[in-house]
Amino acid sequence: MNLSERDKLYNWHPYTQHKTIGLLPAIVKGEGALLWDENGKEYIDAIASWWVNPFGHSNKIIADAIYQQLTTLEHVLFGGFTHNKAVALSEKLMTILPKNQKKIFYSDNGSTAVEIALKTALQFFYNKGEKRTKIIAFEDAFHGDTFGAMASSGITFFTEAFKGSLLEVVRIPVPTAGNEARSLKALEDLVATKEYAAFIFEPLVQGAAGMVMYEANVLDKMIAICQKNQVFTIADEVMTGFGKTGKTFATDHLANKPDMMCLSKALTGGTIPMAITTFTQEVFDGFYNDDVNKALFHGHTFTANPTGCAAALASIDLLLTDEMQNNIARIHAKHLAFETKIKAHSKVKTTRVLGVIFALEIKTDTTESYYGNMRNKLYNFFIENGVILRPVGNIVYILPPYIISDDQLEKVYSIVEKAVEMI
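The paragraphs below set out a description of the structure included in this document. (Residues numbered from 1 in each chain as written. Predicted model: local features only at pLDDT ≥ 70, side-chain atom pairs only at ≥ 80, totals over all residues. Heavy atoms only, no water.)

## Concerning the overall build of the protein
Stage number 1. From N to C terminus, the protein includes 14 helices and 16 strands.
Stage number 2. In summary, the protein has a C-alpha radius of gyration of 21 Å against a globular reference of 22 Å for 423 residues, a match within 12%.
Stage number 3. Taken along the three principal axes of its C-alpha coordinates, the protein extends 60 × 55 × 45 Å.
Stage number 4. Across the 423 residues that make up the protein, the buried fraction comes to 53%.
Stage number 5. The contacts in the protein between residues at least 6 apart in sequence include a share of 70% that link residues at least 24 apart.
Stage number 6. Side chains of the protein give 41 positive and 46 negative charges; the mean places of these two sets differ by 3 Å. (Helix = DSSP H or I, 4+ residues; strand = E, 2+ residues; numbered from the N terminus. Rg over C-alpha atoms; globule rule 2.2 N^0.38 Å. Buried < 20%, exposed > 50% of the residue type's maximum accessible area, 1.4 Å probe, protein only. Contact = heavy atoms within 4.5 Å. Lys, Arg positive; Asp, Glu negative; His and termini not counted. Charge placed at Lys NZ, Arg CZ, Asp CG, Glu CD.)

## With respect to the sheet that holds strand 2 (residues 34-37)
Stage number 1. Strand order in this open sheet of four strands is 1-2-3-15, and the pairing throughout is mixed. Both edges of this open sheet fall to strand 1 (27-31) and strand 15 (387-388), since each of them pairs with a single strand only.
Stage number 2. Bridging between strand 3 (residues 42-45) and strand 15 involves two bridges; their strand directions are parallel. Along strand 15, the bridge assignment pairs Asp-45 with Ile-388.
Stage number 3. Helix 14 (residues 406-422) contacts strand 2, strand 3 and strand 15 of the sheet and is inclined by roughly 95° relative to strand 3. (Pairing = 2+ DSSP bridges. Axes fitted to C-alpha atoms, helices over the stretch in contact; angles between N-to-C directions.)

## Quick look at a nonpolar patch on the surface
Stage number 1. Among the surface-exposed residues, Met-1, Leu-9 and Tyr-10 lie close enough to one another that they form a single nonpolar patch of about 430 Å² accessible area.
Stage number 2. On the secondary structure map, Met-1 appears in the segment before helix 1 (3-10).
Stage number 3. Accessibility expressed as a relative area gives 67% for Met-1, which makes it exposed. (Patch = residues over 30% accessible without salt bridge, like charges linked within 9 Å, V, L, I, M, F, W, Y side chains within 5 Å. Areas by Shrake-Rupley, 256 points an atom, 1.4 Å probe, with all protein chains shown as cover. Salt bridge = Lys/Arg side-chain N within 4 Å of Asp/Glu carboxyl O.)

## Considerations on the side chain of Asp-7
Stage number 1. When you line up the elements, Asp-7 lands in helix 1.
Stage number 2. It is Lys-8 that comes nearest to the buried, bridge-free Asp-7 among opposite-charge side chains, at 7.5 Å.
Stage number 3. Within polar-contact distance, the side chain of Asp-7 engages the side chain of His-13 at 2.8 Å. (Polar contact = N/O pair within 3.5 Å; in protein donor to acceptor, adjacent residues only side chain to side chain.)

## A look at the pattern of salt bridges
Stage number 1. In total, this model carries eleven salt bridges according to the counting rule given.
Stage number 2. As a salt-bridge pair, Lys-128 and Glu-130 come within 3.7 Å of each other at their nearest N and O atoms.
Stage number 3. Classification of Lys-128 as exposed rests on a relative accessible area of 54%.
Stage number 4. Overall, the relative accessible area of 29% leaves Glu-130 in the partly exposed class.
Stage number 5. The closest approach of N and O atoms between Arg-132 and Glu-130, which form a salt bridge, is 2.8 Å.

## Things to note about the nonpolar core
Stage number 1. Judged by nonpolar contacts, the single largest core of 107 residues is most densely connected at Leu-89, Phe-199, Leu-389 and Val-416.
Stage number 2. For this core, the element with the most residues is helix 11 (residues 306-319), which contributes eight residues.
Stage number 3. Non-local contacts of Leu-89, meaning those with residues more than four positions away in its chain, are made with Tyr-106, Met-274, Ile-276, Cys-309, Ala-312, Leu-313 and Ile-316.
Stage number 4. In terms of nonpolar packing, the next biggest core, distinct from the first, is built from 27 residues, Phe-125, Ala-137, Ala-151 and Met-260 among them. (Core = buried A, V, L, I, M, F, W, Y, C linked by side-chain atoms within 4.5 Å.)

## Some words on the sheet that holds strand 11 (residues 260-263)
Stage number 1. Pairing is mixed in the open sheet, where seven strands are placed in the order 4-12-11-10-7-5-6. Looking along the sheet, the strands with just one partner apiece sit at the ends: strand 4 (103-107) and strand 6 (168-172). Ignoring which end each strand starts from, the neighbouring axes of this sheet average 20° apart.
Stage number 2. For strand 5 (residues 134-138) and strand 6, the ladder comprises five bridges, and the chain directions are parallel. What sits directly across from Ala-137, in strand 6, is Arg-171.
Stage number 3. Together, strand 4, strand 5, strand 7 (196-201), strand 10 (232-236), strand 11 and strand 12 (275-279) form the strand contacts of helix 5 (residues 110-127), whose direction differs from that of strand 12 by roughly 30°.

## Structural notes on the state of the cysteines
Stage number 1. In this structure the tally under the stated criterion is zero disulfides.
Stage number 2. Residue Cys-226 stays outside any disulfide, its sulfur separated by 15 Å from that of Cys-262, the closest cysteine.
Stage number 3. Relative accessible area serves as the criterion here: at 0%, Cys-226 is assigned to the buried category.
Stage number 4. Taking relative accessible area as the criterion, Cys-262 reaches 0% and is therefore assigned buried. (Disulfide = S-S within 2.5 Å.)

## Describing empty space enclosed by the protein
If you roll a probe as big as a water molecule over the atoms, it shows you where there is empty space left.
Stage number 1. Taken as a whole and assessed by the stated rule, the structure comprises one cavity of 30 Å³ or more.
Stage number 2. Its boundaries defined by the atoms lining it, the largest cavity holds a volume of some 50 Å³.
Stage number 3. Lining the largest cavity are Ser-4, Asp-7, Lys-8, Asn-11, His-13, His-18, Ile-21, Gly-22 and Leu-24.
Stage number 4. Of the residues in the lining of the largest cavity, the class split is two nonpolar, five polar and two charged. (1 Å grid on protein atoms, 1.4 Å probe; cavity = no way out; pocket = protein on both sides within 12 Å on 5 of 7 lines; lining within 4 Å. Points joined across faces, edges and corners; volume = space filled by probe spheres on them. Nonpolar A, V, L, I, M, F, W, Y, C, P; charged D, E, K, R; others polar.)

## Focus: the packing of helix 8 (residues 180-191) against helix 9 (residues 216-228)
Stage number 1. Two elements in contact, helix 8 and helix 9, have axes separated by 10 Å at closest approach and are oriented at 10°. What the angle tells us is that helix 8 and helix 9 run roughly parallel. Facing helix 8, whose interface residues are Glu-180, Ser-183, Leu-184, Leu-187, Glu-188 and Val-191, helix 9 presents Val-218, Lys-221, Met-222, Ile-225 and Cys-226.
Stage number 2. Classifying every residue of the contact of helix 8 with helix 9 by side-chain character gives seven nonpolar, one polar and three charged. (Parallel < 35°, antiparallel > 145°, perpendicular 65-115°, else oblique.)

Here's what the structure looks like:
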């Protein structure tokens, strides 16, 4: 049996209905923006393997940092101890995070980073003896698959089976063009009740919803409304962080900064699972008490794993190089040029670009489901043509590694054009 056949015997893959799917490509090698399967077929990884890999597969700089750390200290518990890589990474992060962020809590993945932020917001008010048990989120949000993160997400088929077991979350409209006033009014009405602990949002781009974008100025107003009413703001930068929007963080586009930030995905350059939740001093001080019961009792076995910290330090250094910053600007310019070319196509409904993110919506007479027929047809077409893209319904997006070449990008654009024609 080959790898794909052996995989099918035992492995349960994410977001997969195994009864209706065939054998999956078995990837055996990666270098730069390319992956190869067991049959030698080459793929361009045009979504950076779920947005985690901005510096290319098998990056030698990150690999060397991991090797050096593995031969020095692979792991030590973070409960009751610390180590040099966690201290160095926190110090490094403080030089690039918004200036109001003062404390860092380490965990394992994006969902847990969100979970920690939500728990912190709720317990902050519990510690004060104030009852605030509800959360505000956007419609069509996606914040992860653990229970608090699921509750905050608005893509219903992900959460339908668990509705009766989730936190109370009220959703407001996304402030896309034309919806700003309605969204602001909904937020103002909710925070005025004093029942809400936090407002969680994906800043400027809703990734899993199909790269839905909205403007920084309206998010600034929303943060100001929350600050005025003592409602914490949580920026879920799991997808947008580390250069995706053209700035280090999406919140760098804002004048008003969130109280908490959730980071993961590209944090370690696509190598080792790691996540971070950051906090203002005010949030931390809500747990700083002689009463041990007011501490944040949350932890993970691999919290602040030294090897992950070493990977993250190398990854951040790479991000800040002139070469990577120039690559981000180059990809943005290429996206804009492709948008100019494709947006007038008779089958294209809308296009949008922010940083290294490009998205287009294909016209359709029916409502396309997340994993519907059009999506599956598009996905299979891309894979057959050696490009890894994961459409969301009728929305095709590109979010490539920053090291992708112009020729590779042009091939991706060409395949997307052919896919639009095919539909």
